[in-house]
Amino acid sequence: MNSLSIFTLAVGLWLLVNGILHDLFVLRSEYGKQYNRDLLRLLMDGHIMITCGLMLLISVSGISGNASWAYYISGAACISILIYCAMIFPFLKSVVTILLNAGLLVFLVINFLNR
């Protein structure tokens, strides 16, 4: 594994774990006591993180092998999370998630162009 694949793995795990924890805490909160639109929206927030984290984890082996598909999937996941973070920024300042995904996206583009 090279440094880019390790960074991709770390960011993927960050998103996956935070998405799972987010959903667990939502379900244990007052919102989790009744199925309604607020609960569904909050659970979808966690599922966005889980899905993008899984996309990054799936692409780790491809990044190690320098496969184009892995760069595309990883880039799409990073862009998706950055858009999501921009949309929720007025309510939740996810600075670490923004920095991790922006950094990974920059490294993905640099490595993709230099391969």
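This section reports on the structure supplied with the text.

The rules behind each value
Residues numbered from 1 in each chain as written. Predicted model: local features only at pLDDT ≥ 70, side-chain atom pairs only at ≥ 80, totals over all residues. Heavy atoms only, no water. Core = buried A, V, L, I, M, F, W, Y, C linked by side-chain atoms within 4.5 Å. Buried < 20%, exposed > 50% of the residue type's maximum accessible area, 1.4 Å probe, protein only. Helix = DSSP H or I, 4+ residues; strand = E, 2+ residues; numbered from the N terminus. Contact = heavy atoms within 4.5 Å. Axes fitted to C-alpha atoms, helices over the stretch in contact; angles between N-to-C directions. Parallel < 35°, antiparallel > 145°, perpendicular 65-115°, else oblique. Left-handed = near helix turned anticlockwise from the far one by under 90°. Nonpolar A, V, L, I, M, F, W, Y, C, P; charged D, E, K, R; others polar.

What to know about the nonpolar core
And step 1. Ranked by internal contacts, the top residues of the largest apolar core, which has 17 residues, are L56, I81, L104 and L108.
And step 2. Elements supplying a minimum of two residues to this core: α1 (3–28), α2 (37–64), α3 (68–88) and α4 (95–114).
And step 3. The element best represented in this core is α3, accounting for eight residues.
And step 4. Ignoring any residue separated from it by four or fewer positions in sequence, one finds L104 in contact with L4, F7, T8, V11, L56 and C78.

Some points on the packing of α3 against α4
Packed helix pairs are characterised by how far apart their axes lie and by the angle those axes make with each other.
And step 1. One can describe the packing of α3 onto α4 by two numbers: an axis separation of 9 Å at closest approach and a directional angle of 150 degrees. Looking at the two axes, α3 sits roughly antiparallel to α4. In this structure, the crossing between α3 and α4 has a hand that is left-handed. Each of S68, Y71, Y72, S74, G75, C78, I79, I81, L82 and C85 in α3 lies in contact with α4, whose residues at this interface are T97, I98, N101, A102, L104, L105, L108, N111 and F112.
And step 2. Looking at side-chain class alone, the contact of α3 with α4 contains 13 nonpolar, six polar and no charged residues.

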